[in-house]
Protein chains: 2
Amino acid sequence: MIKIGIAGYGNIGRGVEAAVTRSHDMELVAVFTRRDPLSVHTVTGTQVLAYDQMDSMKDDLDVVIICGGSATDLPWMTPELASKFNVIDSFDNHANIPEHFANVDAAASAAGKVGIISCGWDPGYFSLARILADSALPEGDSYTFWGRGVSQGHSDAIRRIEGVKDARQYTVPVEAAVESVRNNEHPEFTARQMHLRECWVVAEDGADKAAIEEAIKTMPNYFEPYDTTVTFITQEELDRDHSGLPHGGSVIRSGRTGLDSEFDNTVEFTLNLDSNPFFTGSILAAAARAAYRMNSEGQSGARTLFDVPPAYLSHHTREELLAHML
Amino acid sequence: MIKIGIAGYGNIGRGVEAAVTRSHDMELVAVFTRRDPLSVHTVTGTQVLAYDQMDSMKDDLDVVIICGGSATDLPWMTPELASKFNVIDSFDNHANIPEHFANVDAAASAAGKVGIISCGWDPGYFSLARILADSALPEGDSYTFWGRGVSQGHSDAIRRIEGVKDARQYTVPVEAAVESVRNNEHPEFTARQMHLRECWVVAEDGADKAAIEEAIKTMPNYFEPYDTTVTFITQEELDRDHSGLPHGGSVIRSGRTGLDSEFDNTVEFTLNLDSNPFFTGSILAAAARAAYRMNSEGQSGARTLFDVPPAYLSHHTREELLAHML
């Protein structure tokens, strides 16, 4: 049994809890929190300990799965914990990945541990789709479409507008753009041409709805570069129809083979997820299995899923894989 | 530059020739044939040598990509060549993979070489889709749909019928079956429910077309378990409309996450290929890159793509991968 700790208990922490609990080769030892441990109650009844208690549990934990935020938690937390444990995170701030990788690599290498970063679905499984498609089709163009799904960052941005009580934002791929890529037209897109933004907003009593809509649609980076729809609904409707966290999307590469580039090809990887954090948690659990195996055979340092032989993610034996999955 | 040899020069050999020639980190040294070398002319003008000449070229070849048939060539050829070279093949006889793996492993291990078997798209990239989806969604069902594409085995089977001059068979997925899987209905299918078989047949002058159609539709294993359409056309029409070798298909896994299996998810990997052998050749070339790297760091023995860190398939540097593809 691989002994797992979870650091941080938000949506993704709960997703990891479910995935680890249901894995036959893993045991969930504890959830660690920087909040008051008495204030945190796990769904499975797994014990909740203070973050600082991890230090005294080096022999009790094979891998720590870090479920903090990429903006302020993971940049320091993953290197710190990699100096003591094999660790997994889902760091998703694409621009800062090289720096984060270097920090984790230094800590994990010095400690003789393995740290696999960015193990969600993007970055993560979508990254694997990109590298596999690119390796088979070096001449071509890759596209990533997100959605239809809830963007928590965009939902939060709407909630910060004056007069907004609650909100939910869906990112939606433009179907004509997806079709153009599939048809090997190799389009060059603006942001607006690839995705729509669909906003469901609960206004406070007496709020100026026209002003809210204007504030959303003109918000730089978040909404201004996109065609955005704003629909006002009641809190009851929001809770009833928009309480889930579905997401998904597609990585599509269109590329040519043949000496004269005479053959068109598409490679497409699509996810449709009822729950974004629970699928992310499930990948994090599989990555923990890989980190444990890689460290057991003597490896250390930072890794990404690019460095992981896929068999290391699987709970199946080599014999099962050769006989039934190859 | 990775020095590549190709053993066997059929459709897949030509696909490898194109992929290697266009790779900036590979050099195609020679094509080896068991036919009279003077009778074989490569598209690129690459030299053609007799199969037995490979033995004297151990220092000139980093990896040999074996482009023979799975029925009668690869079972002896891959182990034999793995005792002298790093090798790649696209062995696709699923039932015999464990035995083939063991034979290649024995030869490659003894020689200190790496042999990666079954590196096409199925087995190969579809296998990767299956293991990645299964690892993220251990509770679920995986389905593989092939087509729309040309099955050369089924086309050959039709050509062996008396009175048939030429034929082309397309395997076609049943759209309703694909939709049912995508809708997380977890169906159990018969062969007939998943695929149609579409046959385009050129009859010899005076042949009994009704008898040909009956012979096709009742052929055990090949056509009897499927809904099969037979259309008679002229050789001119066949050559004009059906001369390509397109193929593709989808691996779809539908699986549940959540402590109570409350969330449905699908993972889908789809290929649409103008040319089946040229895409296969492209994957074989990428696998050769991986075999070279794995052997260079001291590995030996048989491998499948399950054992290959995806970064080893890519021509990009680690820095490029972290910055642009993760």
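Residues numbered from 1 in each chain as written. Chains lettered and ligands numbered in written order. Predicted model: local features only at pLDDT ≥ 70, side-chain atom pairs only at ≥ 80, totals over all residues. Heavy atoms only, no water.

Student: Mind showing me how you'd approach the relation of the copies chain B and chain A here?
Tutor: Note that the two copies of the chain are related through a rotation about an axis and a translation along the same axis. Laying chain B over chain A is done by rotating through 180° and shifting 0.0 Å along the axis; what remains is an RMSD of 0.0 Å. Each copy turns onto its partner about a two-fold axis. Residue by residue, 100% of the interface of chain B is reproduced at the interface of chain A, so both copies engage with the same surface. (Least-squares fit on C-alpha atoms with pLDDT ≥ 70 in both. Contact = heavy atoms within 4.5 Å.)

Student: It is not clear to me how the sheet that holds strand E11 (residues 227-232) of chain B should be interpreted in this structure. Could you clarify?
Tutor: The pairing of strands in a sheet happens through backbone hydrogen bonds and is either parallel or antiparallel. Residue and element names in this part refer to chain B. Strand order in the open sheet formed by four strands is E8-E9-E10-E11, and the pairing between neighbours is mixed. Each edge of the open sheet is held by one strand with a lone partner, namely strand E8 (149-150) and E11. Relative to strand E10 (residues 195-203), strand E9 (residues 164-173) runs antiparallel, the two being bridged by nine bridges. In the sheet register, Ala 167 faces E10, and the bridge partner there is Val 201. (Pairing = 2+ DSSP bridges. Helix = DSSP H or I, 4+ residues; strand = E, 2+ residues; numbered from the N terminus.)

Student: Hey, could you run me through the sheet that holds strand E9 (residues 164-173) of chain A in this one?
Tutor: Residues and elements named next belong to chain A. Ordered by their spatial adjacency, four strands build an open sheet running E8-E9-E10-E11, and the pairing between neighbours is mixed. Each edge of the open sheet carries a strand with a single partner, namely strand E8 (149-150) and strand E11 (227-232). Relative to E9, E8 is paired through two bridges, and the arrangement is antiparallel. From the neighbouring strand, Gly 149 faces E9, where its bridge partner is Thr 171. Contacts between helix H8 (residues 209-217) and the sheet are confined to E9, strand E10 (195-203) and E11, with E11 contributing the most and set at about 155° to the helix. (Axes fitted to C-alpha atoms, helices over the stretch in contact; angles between N-to-C directions.)

Student: What's the story with the state of the cysteines in this structure? I'm lost.
Tutor: By definition, a disulfide links the sulfur atoms of two cysteines through a covalent bond. Residue and element names in this part refer to chain B. Inspection of every chain in the model, using the stated rule, returns zero disulfides over all chains. Between Cys 67, a cysteine without a disulfide, and Cys 119, which holds the nearest cysteine sulfur, the sulfur-to-sulfur distance is 11 Å. Residue classification places Cys 67 among the buried residues on the basis of a relative accessible area of 12%. (Disulfide = S-S within 2.5 Å. Buried < 20%, exposed > 50% of the residue type's maximum accessible area, 1.4 Å probe, protein only.)

Student: Before we go on, may I ask you to explain the interface of chain B and chain A in this structure?
Tutor: It is common to give the size of an interface as the accessible area lost on bringing the parts into contact. Listed as interface residues are 68 residues of chain B and, on the opposing side, 68 residues of chain A. Approximately 5800 Å² of surface area, both sides summed, lies buried where chain B meets chain A, with 65% of it carried by carbon and sulfur atoms. Between the two partners, chain B and chain A, sit four salt bridges. As a salt-bridge pair, Arg 318 of chain A and Asp 307 of chain B come within 3.0 Å of each other at their nearest N and O atoms. Linking chain B to chain A there are 30 residue pairs in polar contact (both at pLDDT 80 or more). Of the residues forming the side of chain B that touches chain A, the biggest block, 11 residues, is contributed by strand E13 (residues 263-273) of chain B. Tallied by class, the residues present in the side of chain B that touches chain A amount to 36 nonpolar, 20 polar and 12 charged. The sheet contact formed by strand E13 (residues 263-273) of chain A and E13 of chain B spans nine bridges and is antiparallel. The partner of Asn 272 of chain A across the bridge, within E13 of chain B, is Thr 266 of chain B. (Buried area = accessible area lost by both parts, 1.4 Å probe. Salt bridge = Lys/Arg side-chain N within 4 Å of Asp/Glu carboxyl O. Polar contact = N/O pair within 3.5 Å; in protein donor to acceptor, adjacent residues only side chain to side chain. Nonpolar A, V, L, I, M, F, W, Y, C, P; charged D, E, K, R; others polar.)

Student: Would you mind going over the side chain of Asp 166 of chain A with me for this structure?
Tutor: With respect to the helices and strands, the residue Asp 166 of chain A is situated in strand E9. Looking at Asp 166 of chain A, its side chain comes within polar contact range of the side chain of Gln 235 of chain A, at 2.9 Å.

Student: Sorry, what's going on with the packing of helix H2 (residues 74-82) of chain A against helix H3 (residues 97-111) of chain A here?
Tutor: To characterise two packed helices, one gives the angle between the axes of the helices and the distance between these axes. Residues and elements named next belong to chain A. It is at 7 Å that the axes of H2 and H3 come closest, and there the two elements cross at 15°. Classified by the angle between their axes, H2 and H3 sit roughly parallel to one another. For the crossing formed where H2 meets H3, the hand is right-handed. Facing H2, whose interface residues are Leu 74, Pro 75, Thr 78, Pro 79 and Ala 82, H3 presents His 100, Asn 103, Val 104, Ala 107, Ala 108 and Ala 111. When the residues that make up the contact of H2 with H3 are grouped by side-chain class, the tally is eight nonpolar, three polar and no charged. (Parallel < 35°, antiparallel > 145°, perpendicular 65-115°, else oblique. Left-handed = near helix turned anticlockwise from the far one by under 90°.)

Student: Explanation requested: unusual backbone geometry in the structure shown.
Tutor: Peptide bonds are trans in most cases, and residues, glycine excluded, mostly fall at negative phi. Looking along the chain, the bond that leaves Gly 147 of chain A and enters Arg 148 of chain A is cis, with omega of 0°. With respect to the helices and strands, Arg 148 of chain A occurs in the loop between strand E7 (140-146) and E8. The amide bond that connects Asp 122 of chain B to the next residue, Pro 123 of chain B, takes the cis arrangement and shows omega of 0°. Inspection of the secondary structure puts Pro 123 of chain B in the loop between strand E6 (114-116) and helix H4 (125-136). Phi is positive for Ser 118 of chain A, which is not a glycine, with a value near 60°. Mapped onto the elements of the fold, Ser 118 of chain A is located in the loop between strand E6 (114-116) and helix H4 (125-136). In this structure Ser 118 of chain A comes out as buried when scored by relative accessible area, which is 1%.

Student: Looking at this structure, how should I read the pattern of salt bridges?
Tutor: A side chain of one charge can pair with a side chain of the opposite charge when the charged atoms of the two come close. This structure, assessed with the given rule, holds 34 salt bridges over all chains. Across the pair Lys 84 of chain B and Asp 55 of chain B runs a salt bridge, and its minimum N-O distance is 2.9 Å. Placement of Lys 84 of chain B in the loop between helix H2 (74-82) and strand E5 (86-88) and of Asp 55 of chain B in the loop between strand E3 (48-50) and strand E4 (63-66) is noted, with a sequence separation of 29 residues between them. The class for Asp 55 of chain B is partly exposed, based on a relative accessible area of 40%. The network of salt bridges with common partners includes Glu 175, Glu 179, Arg 182 and Glu 268 of chain A.

Student: How should I be thinking about the pairing of strand E12 (residues 247-257) of chain A in this particular structure?
Tutor: Side chains on a regular strand alternate between the two faces of the sheet. All names here are of chain A. Within E12, 10 of the 11 residues are buried, leaving the element largely enclosed by the surrounding structure. The pairing of E7 with E12 spans seven bridges and is classified as antiparallel. In the sheet register, Phe 145 faces E12, and the bridge partner there is Ser 250. Here E12 runs beside E13; their pairing, made up of 11 bridges, is antiparallel. Each bridged residue has a counterpart across the sheet, and for Arg 253 the counterpart in E13 is Val 267. Linking E12 to E13, which pair antiparallel, is a turn of five residues; within it Gly 258 sits at a positive phi near 100°.

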